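# Working through the structure, step by step
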Amino acid sequence: MRLRSALPTLTACVLLAATATACGSGGGGTAADSATQELKGQTLTIAAVWSGTEQENFKKVLDAFTAKTGAAVSYTSTGDNLSTVVGSKIEGGDPMDVVMVAQPGVIKQFAGKGWLAPLSSAVTDAAKKDYAGIWSSLGTVNGTQYGLYFKAADKSTVWYSPTAFQNAGVQPPATFDDLLKASRTLSDSGTPAFSVAGQAGWTLTDWFENVYLSQAGPELYDKLTRHEIPWTDPSVLKALTTLGKVFDDKQLVAGGGQGALQTDFPTSVQEVFGAQPKAAMTYEGDFVGGVIASELKKQVGTDAKVFPFPAVDGGKAPVMGAGDAAVVLKGAKHPEAAQKFVEFLSGPEAATVWAKAGGFISPNKAVDPSVYPDDTTRQFAKSVIDAGDAFRFDMSDQAPAAFGGTAGQGEWKDLQDFLADPSDVQGAAARLEADAAKAYKG
Amino acid sequence: MSLRSPRSGRASGGALRRHRGLALLFVLPALLLLGALVVYPIGYSVARSLFDASGHRFVGLDNYGTAFTDHATLTAVRNNAIWVAVAPALVTAVGLVFAVLTEKIRWATAFKLLVFMPMAISFLAAGIIFRTVYDADPHRGALNAAAVAVHDTFNDRSTYPGAHPRPGGGLDRAQGGDITAPTSTRVVLLPLVGVQPGALPATARTAQEPAGGDGVSGTVFLDFVPGGGGHPGRLDAGKKGLPGVTVQLRDGGRTVDTTTTAADGTFRFGAAPTATTSVVMPAANFAAPYRGVDWLGPAFITPAIIGAYIWIWAGFAMVIIAGGLANLPRETIEAARIDGAGEWQIFRRITVPQLAPVLGVVFITMVINVMKIFDLVYIIAPGPVQQDAGVLALRLYLVSFGGGNDQGLGSALSVLLLLLVVPVMLLNVRRFRGSRA
């Protein structure tokens, strides 16, 4: 095994040396070119999971980079198996230059395998200046920053139907107690408060994480993320009990727990914003807007509105989410250009390009809020920026996949069982702890 | 398979050796292929099952210990047992019935083609079809659409599904769902919530105060003003009456009188109230609409998937059995008929015993097939019940590649599965030998 993992590095070094000489000899004649075309003649390879609209918008960012530096950029969409694709490219001795990685756990895994090059000081300095510290620390492994978060996602957003709210005469609530009160009024008006997508386990983990982050605070959230406290901790029991106040009330969840377990994510959005509304609210991240606009052909901001996930028990309102970070691979053929590209991504200029196209929020404080195309997106960006260091990355995304990321087992399954019987808080916590212990050990 | 040719006994030593060498040469490609594709993977799996998830640490039989203490794996073993006990027998039985029936009908070929058709569909597609068929929502799931249609033919739908009294509003809701006004005065107000304004019947009028006078009178009304406002429990402006609600006057457990509310929600009983009478709105007024059976719930999921499996494989069984049926000697049947045997007797005492070898082949093929069942379970069972529906092959995939990435435990499961299949394989091989002899 040791020999096999050493080989790609060796190959990469040889390649690197070859490129360096090539650059050196080729660069002599063009040294007089303007500074803006300093990377002309180089072709950066970049990989990310994005496809479709996201790919198109990211390409606009790449075009802006080309216009600025003269470097050509070739983009590969890896599909869902980013780790596998990157891994096989590296083993094959043909690594990409820059890869966009979502989870901090994957950055850690890549760094652990020695696949990543540390980011240049230009990038880390820019990150220090314009980003909340949390974003740098998410990209940092053992004191070295490998990842720069370019794109953020806000998963502390409750989507509601203004018609249903108006009908019931309620306002978007700011605290969890107000949310329960508003929910009961909504159910009195004849519209169940929530559509919960219980058939997809990840929506339930996000519910829990928001309640927990606000109620127990960021420190305990981090500890639970690293499994330094057990899932049987009183703070977890309390959060589950709070969550049970919604899940256990048949009037508040459309179809009750059993109905929710048969609702998948697109259906839960449709149940609120579709032709025959069956619920007034659905909780999930900013991407719900995309489903509303593209599949249901409704206008976000008028037909569908958002309020931030309310604060629980006097805590701060949670801001939980996700993001995509750029990392430079160690064997990159154009290491300098790759660092330049990440530096470009760290600045407000690149973020502005995608922000204008929509479906994007930047964790960069220097991005002018006015560039976002609509108020809803601006609202998301504002809450991510305002949260600063209180922002937390999705907990289940940081847990081992067997616990936090697999259908039918681990946290997904345990929370689904909890949704089926929310009165059994102790049992749910015990099952969560048993599964977590197993997954974190492996 | 013997390498020894009949003449080799008499051949000289050199010729024998030459024969053997030649034979080995011819067998070699097959042996190599078998070795590389069958023997080596089995050996590797056995070895891998003795190592931990990373593949570096030798753990002995720990993985097998884990397999037998893991709740999900035990469920998988139980489900595999159910599958083996039920599915092959049912497929064979259904196939037999179809085969015998198609002998007697006119459009036999068309019918056979139809029953065999599912075999032409990939398991993945069949799984997706059945996931939709079993869907709990009657608007999507064909089976529940039928169940609801039948149910609603014999039972009336309730007028106000989901309507309920405001919590703490003074009305009691009994365990069965009956809503009771606790005290019995001459005039009762029965405020309800939980009805969408758009769901009110067109005949609904603004709620009126009860008329009063002799007997008991009251109003059933929707205690909610669109847009909020008003006072809970009171007859404010803008609140509508609920027409068509059945209201009963009860005295102790006895129903004294029954009536239905008018367009403005009012009702009236002639009988005077006593100390023990109460006004009751029976649960049937507010029953949630019948939603059919939860096929994909934890209770029914395995039978539901077995149903899909039978749909696919019954045609195969039918074709094989029909083949056997065509080769049966007719004399015995005709002799039996002359002796005065009925059709059922012929089927039970002559056709089935004579078909036994064919039925055996179908049955055993199905047993082996069922043991490695994977795709249908993976596709049909939704996430929340995946563990309840789990079978060994699915478990071994999920453990190895579906998040856990513990290929040690996965290999242990695959070895267990192999051990379970081997006896049936041996049986099958022995049968083949027997039938050739």
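Residues numbered from 1 in each chain as written. Chains lettered and ligands numbered in written order. Predicted model: local features only at pLDDT ≥ 70, side-chain atom pairs only at ≥ 80, totals over all residues.

Looking up chain B in an unreviewed UniProt entry gives the name ABC transporter permease, with the organism given as Kitasatospora aureofaciens. What UniProt records for chain B under Sequence similarities (unreviewed entry) is the sentence "Belongs to the binding-protein-dependent transport system permease family." (UniProt positions renumbered as here; feature names shortened; annotations may be inferred.)

As recorded by an unreviewed UniProt entry, chain A carries the name Sugar ABC transporter substrate-binding protein and is attributed to Kitasatospora aureofaciens. Its UniProt record gives chain A a comment under Sequence similarities (unreviewed entry), which states: "Belongs to the bacterial solute-binding protein 1 family."

### Structural notes on the overall build of chain B
Summing up its helical and strand segments, chain B has 13 helices and eight strands in all. For 437 residues, the compact-globule estimate of 2.2 N^0.38 gives 22 Å, and chain B exceeds it by more than 25% at 35 Å. The principal-axis extents of the C-alpha atoms in chain B amount to approximately 125 × 75 × 35 Å. Each of the 437 residues in chain B was classed as buried or not, and the buried ones make up 32%. The long-range share in chain B, meaning contacts at least 24 apart out of those at least 6 apart in sequence, stands at 70%. (Helix = DSSP H or I, 4+ residues; strand = E, 2+ residues; numbered from the N terminus. Rg over C-alpha atoms; globule rule 2.2 N^0.38 Å. Buried ≥ 20, exposed ≤ 12 C-beta atoms within 10 Å, placed from the backbone. Contact = placed C-beta atoms within 7 Å.)

### Some details on the interface of chain A and chain B
Contact residues are listed per partner, giving 28 residues for chain A and 25 residues for chain B. Residues that form the side of chain A that touches chain B fall into these classes: eight nonpolar, 18 polar and two charged. (Nonpolar A, V, L, I, M, F, W, Y, C, P; charged D, E, K, R; others polar.)

### Re the sheet that holds strand E10 (residues 305-308) of chain A
Residue and element names in this part refer to chain A. Taken together, the three strands give an open sheet; going across it, the order is E9-E8-E10, and neighbouring strands pair in antiparallel fashion. Looking at which strands have only one partner, the edges of the open sheet turn out to be strand E9 (281-283) and E10. Neighbour to neighbour, the strand axes of the sheet diverge by 30 degrees on average, direction disregarded. The pairing of strand E8 (residues 157-160) with E9 spans three bridges and is antiparallel. (Pairing = 2+ DSSP bridges. Axes fitted to C-alpha atoms, helices over the stretch in contact; angles between N-to-C directions.)

### Regarding the pairing of strand E1 (residues 43-48) of chain A
Residues and elements named next belong to chain A. Burial runs high along E1: five of the six residues are buried. Both E1 and strand E2 (residues 72-77) contribute to a ladder of six bridges, which runs parallel. Counted as the bridge partner of Ala47 is Thr76 from E2. Where the polypeptide runs from E1 across helix H2 (residues 52-69) and back to E2, its parallel neighbour, the crossover connection is right-handed. Bridge count between E1 and strand E3 (residues 98-101): two bridges; the pairing is parallel. Across the sheet, residue Ile46 finds its bridge partner in E3, namely Val98. (Right-handed = clockwise from strand over helix to strand, strands pointing away.)

### Some thoughts on the UniProt feature "transmembrane region" (unreviewed entry) in chain B
Residues and elements named next belong to chain B. On the UniProt side, "transmembrane region" (unreviewed entry) is annotated at positions that read residues 21-42, 81-101, 113-134, 308-328, 355-381 and 408-429 here. Annotated as 68% helix and 0% strand, the span residues 113-134 places its first and last C-alpha atoms 25 Å apart. End C-alpha atoms of residues 308-328 are separated by 31 Å, and the span's content is 90% helix alongside 0% strand.

### Details of the packing of helix H9 (residues 201-225) of chain A against helix H19 (residues 410-420) of chain A
Residue and element names in this part refer to chain A. It is at 8 Å that the axes of H9 and H19 come closest, and there the two elements cross at 80 degrees. Between H9 and H19, the angle falls in the class roughly perpendicular. On the side of H9, the interface is formed by Gly201, Trp202, Leu204, Thr205 and Phe208, while H19 contributes Glu411, Trp412, Lys413, Leu415, Gln416 and Leu419. For the contact of H9 with H19, the per-class residue count stands at six nonpolar, three polar and two charged. (Parallel < 35°, antiparallel > 145°, perpendicular 65-115°, else oblique.)

### So, the domain arrangement of chain A
Residues and elements named next belong to chain A. Under the domain assignment, chain A is made up of domain 1 (2-154 + 322-390) and domain 2 (157-318 + 399-441). Facing 10 residues of domain 1, the contacting portion of domain 2 comprises 12 residues. Elements with a contribution of two residues or more to the side of domain 1 that touches domain 2: strand E7 (147-154) and helix H16 (375-387). Take the side of domain 1 that touches domain 2: its biggest share by element is five residues, from H16. (Domains from an automatic or database assignment.)

### Regarding the packing of helix H3 (residues 71-104) of chain B against helix H9 (residues 343-371) of chain B
Residues and elements named next belong to chain B. Following both chains from N to C, one finds H3 and H9 inclined at 140 degrees, their axes separated by 9 Å at the closest point. As far as their axial angle goes, H9 and H3 are oblique. Like other packed secondary-structure pairs, H3 and H9 cross with a definite hand, here right-handed. Residues Asn80, Trp83, Val84, Ala87, Pro88, Val91, Thr92, Gly95, Leu96 and Val100 of H3 pack against Phe347, Thr351, Leu359, Val362, Phe363, Met366, Val367, Val370 and Met371 of H9. When its residues are assigned to classes, the contact of H3 with H9 shows 15 nonpolar, four polar and no charged. (Left-handed = near helix turned anticlockwise from the far one by under 90°.)

### Remarks on the domain arrangement of chain B
Split into domains, chain B comes out as domain 1 (70-144 + 295-405) and domain 2 (172-285). If you average the C-alpha positions of domain 1 of chain B and of domain 2 of chain B, the two centres end up 54 Å apart.

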